[in-house]
Amino acid sequence: MIRNGHGTADSPKKLGPGTKRAVRVWCDGCYDMVHYGHSNQLRQARAMGDYLVVGVHNDEEIAKHKGPPVFTQEERYKMVQAIKWVDEIVAGAPYVTVLETLDKYNCDFCVHGNDITLTVDGRDTYEEVKKAGRYRECKRTQGVSTTDLVGRMLLMTKAHHSSRELPSEYREYTDSFGKCPRSHSPWTGVSQFLQTSQKIIQFASGKEPEPGDTIIYVAGAFDLFHIGHVSFLEKVYQLAERPYIIAGLHFDQEVNHYKGKNYPIMNVHERTLSVLACRYVAEVVIGAPYAVTANLLDHFKVDLVCHGKTDVLPDKDGSDPYKEPKKRGIFRQINSGNELTTDLIVQRIIKNRLEYEARNQKKEARELAVLEALKKREAMAEGAAMQVESSCEA
């Protein structure tokens, strides 16, 4: 059980007489297949100031510089807005970050992870703001990337369900996804995610329900946490004046039992962080039972249980997992108005497999070119320093 607050990030600090103005921070990106790595970047950026503005690139810009996005721009805009550390989004933000953009939105500086983002012609998209000293860096979240998630879907592997050594087929995929014959980029490559209690604490705000709150329980896999989930949770959030939404996440084995194939795509630790980052969720129960039992309802003092329009499979004994809340008259089915499911996302990926592989090949080639240029520059600087030292000794 993880408490996550009432869904919104802390509001910008109120300024009293004689106090400094609020620090406004800018972040931008594609935010394609928004995952907890993106959320962690935005969490770190928000901690550097008082108000976070996030620019999200449109489909045309991404296709030009990077390749086809998995999600549409409208889907990506709504997904980013649902992250609890985001105060404001700018739709259709330019791919190259310039001082004019920061000034337009009154931002003091921009924040990006410690990887590199390049234009189609291999230029650093943050070059101008770096030179002006209005650039800050945060730690990139190891073990997750759009590349890795796409790989899991294409291979239909269950390697992500455990911490055991990756099978040979998955290692071959991660080694060849970029297919650059020389070496591999540290930014495009895949690494393994390691969950820690500290990471969960960073994502969870720990607020408990207060008198007058309506406690609403929802449960599911919440796999590849996407716009369909966000639309559902938003509708649930609107059901009460003071909603306190508890999300129950099923263990990987449970999800695999009722979904089959290689589901879930993300393991329970990854799914936990993804849900915790959502502004509509107040609390997460890790390893929630498939059936919503009387014990669970009484323990959390649940007022309402909600489920979407997706099919509900019977429990292992053939019973309805929502029998108890229906018996109590507190069950409600919610139409989110969004038809997107995890299955449909996988279908999108498989349909566009060659395009995604080509995208990563080009991306990694550009990154390697930059790495080689940096190494040459460092070698030249080191050589010049040694020459100066030799001259001084002479």
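**Comments concerning the side chain of Thr97**
Inspection of the secondary structure assignment puts Thr97 in the loop between strand 4 (88-91) and helix 4 (99-104). In this structure the side chain of Thr97 is engaged in a polar contact, spanning 2.5 Å, whose partner is the side chain of Asp28. For Thr97, the residues in contact, after removing those within four places along its chain, are Trp26, Asp28, Leu102, Cys110, Thr125, Tyr126, Glu128 and Val129.

**Some remarks on the packing of aromatic side chains**
Taken as a whole and assessed by the stated rule, the structure comprises 7 aromatic pairs. Judged by centre distance (5.6 Å) and plane angle (50 degrees), the rings of Tyr126 and Tyr135 are tilted. Among the residues examined, Tyr126 registers a relative accessible area of 3% and is labelled buried. Plain terms: the ring middles of Tyr258 and Tyr290 are 5.0 Å apart, the flat faces sit at 35 degrees to each other, and that makes the pair tilted. Of this pair, Tyr258 sits in helix 10 (residues 252-259) while Tyr290 sits in the loop between strand 9 (283-286) and helix 12 (294-300); the two residues are 32 residues apart in sequence, bridging distant segments of the chain. The burial state of Tyr258 is the same as that of Tyr290; both residues are buried. Above the ring of Tyr135, the side-chain terminus of Lys130 is found at 4.9 Å from the ring centroid. Lying across the ring of Tyr263, Lys259 places its NZ or CZ 4.6 Å from the centre.

**Details of the environment of Tyr77**
Structurally, the position occupied by Tyr77 is in helix 3 (residues 73-81). Given the relative accessible area of 9%, Tyr77 is considered buried. Sequence separation of Tyr77 and Asp32 is 45 residues, and the distance between their C-alpha atoms is 9.8 Å. Sequence-distant contacts of Tyr77, that is, excluding residues within four places in its chain, are made with Val56, His57, Asn58, Ile89, Ala91 and Gly92.

What counts and what doesn't
Residues numbered from 1 in each chain as written. Predicted model: local features only at pLDDT ≥ 70, side-chain atom pairs only at ≥ 80, totals over all residues. Heavy atoms only, no water. Helix = DSSP H or I, 4+ residues; strand = E, 2+ residues; numbered from the N terminus. Polar contact = N/O pair within 3.5 Å; in protein donor to acceptor, adjacent residues only side chain to side chain. Contact = heavy atoms within 4.5 Å. Phe/Tyr/Trp six-rings, centres within 6.5 Å; stacked < 30°, edge-to-face > 60°. Buried < 20%, exposed > 50% of the residue type's maximum accessible area, 1.4 Å probe, protein only. Lys NZ or Arg CZ within 6 Å of the ring centre and 35° of its normal.

From the geometry alone we can't say anything about function, so treat these as descriptive.
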